[in-house]
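Coordinate analysis (summary)
Each chain is listed here by its residues.
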Amino acid sequence: MTTLDLKGRWNEVKGKLKQKYGELTDDDLVFAEGKEDELLGRLQQKLGKKKEEIRQIIESEI
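The structure displayed is predicted, hence computed values, not measured ones. Throughout, residues of each chain are indexed from 1 in the direction in which the sequence is written. Confidence filtering applies because this is a predicted model: local features only for residues at pLDDT of at least 70, side-chain atom pairs given and counted only at 80 or more, and all residues used for totals across whole chains, interfaces and linings. Side-chain calculation: all heavy atoms of the structure are included, whereas hydrogens and water are not.

So, on to the overall build of the chain. Each helix and strand in the chain was counted, giving 3 helices and 0 strands. Numbering of helices and strands runs from the N terminus, with a helix taken as a DSSP run of H or I at least four residues long and a strand as a DSSP run of E at least two residues long. Taken from N to C terminus, the helices and strands of the chain fall in the order α-α-α. Using C-alpha atoms as the atom set, the radius of gyration is obtained and then compared with a globule rule of 2.2 Å times the number of residues to the power 0.38. For 62 residues, the compact-globule estimate of 2.2 N^0.38 gives 11 Å, and the chain sits close to it at 10 Å. Among the 62 residues that make up the chain, the fraction classed as buried is 27%. Contact criterion: two residues are considered in contact whenever any of their non-hydrogen atoms come within 4.5 Å of each other. Look at the contacts in the chain between residues 6 or more apart in sequence, and 42% of them connect residues 24 or more apart. Positive residues here are Lys and Arg, negative ones are Asp and Glu, while His and the chain termini are left out of the count. For charged residues, the charge sits on one atom: NZ in Lys, CZ in Arg, CG in Asp, CD in Glu. The distance from the centre of the 13 positive side-chain charges to the centre of the 14 negative ones in the chain is 2 Å. In this scheme, a residue with accessible area under 20% of its type's maximum is buried, one over 50% is exposed, and one in between is partly exposed, where area comes from a 1.4 Å probe on protein chains only.

Printed below as a string of structure tokens:
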């Protein structure tokens, strides 16, 4: 996953993640350029998964 791939399709990916994981909020899914680790950390904490698992989940939605 590159930042460009993610940035270009983030709204679509965000919607899929919210459907799949109902506990996620818009605040959890804020994507700011250069702060990918912060996003992964929030998702890791909320979903109780490892960062690599979160990356794989996001990549599967792209």
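Now that the structure is up, let's keep going.
Once that is clear, we can look at the environment of Tyr 21. Residue placement: Tyr 21 occurs in the loop between helix H1 (3–20) and helix H2 (36–47). Relative accessible area serves as the criterion here: at 14%, Tyr 21 is assigned to the buried category. In sequence terms Tyr 21 and Gly 34 are 13 residues apart; their C-alpha atoms lie 24 Å from each other.

A separate point is the pattern of salt bridges. When a carboxyl oxygen of Asp or Glu lies within 4 Å of a side-chain nitrogen of Lys or Arg, that pair is called a salt bridge. Applying the stated rule across the entire model yields 7 salt bridges. Across the pair Glu 12 and Arg 9 runs a salt bridge, and its minimum N-O distance is 2.8 Å. Here Glu 12 pairs with Arg 9, and both are found in helix H1, just 3 residues apart, close to one helical turn. Note that Lys 18 is salt-bridged to Asp 26, the shortest N-O span being 2.6 Å. What you see here is one network of salt bridges that share partners, running through Arg 9, Glu 12 and Lys 16.

If you check which residues of helix H3 (residues 51–61) are buried, you get Ile 54, Ile 57, Ile 58 and Glu 61. Buried residues along H3 cover an arc of 95° about the axis, so they all sit on one side. Note that the arc is defined by the directions from the helix axis to the C-beta atoms.

This part covers the packing of aromatic side chains. Within a pair of aromatic rings, the relevant descriptors are the distance that separates the centres and the angle that separates the planes. In summary, the pairing rule links any two rings of Phe, Tyr or Trp, Trp by its six-membered ring, whose centres are within 6.5 Å, and it sorts them by plane angle into stacked for under 30 degrees, edge-to-face for over 60 and tilted for everything else. This model, assessed by the stated rule, comprises 1 aromatic pair. Ring centres of Trp 10 and Phe 31 lie 5.5 Å apart, and the angle between their planes is 35°; this geometry places the pair in the tilted category. Residue Trp 10 is located in helix H1, and its partner Phe 31 is located in the loop between H1 and H2; the two are separated by 21 residues in the primary sequence. On the basis of relative accessible area, Trp 10 is assigned to the buried category, the value being 6%.

Once that is clear, we can look at the UniProt feature "domain: CsbD-like" (unreviewed entry) in the chain. UniProt positions are given in the numbering used here, feature names are shortened, and annotations may be inferred rather than shown by experiment. With numbering matched to this structure, UniProt assigns "domain: CsbD-like" (unreviewed entry) to residues 6–55. Secondary structure across residues 6–55 divides into 64% helix and 0% strand, with the first and last C-alpha atoms of the span separated by 11 Å.

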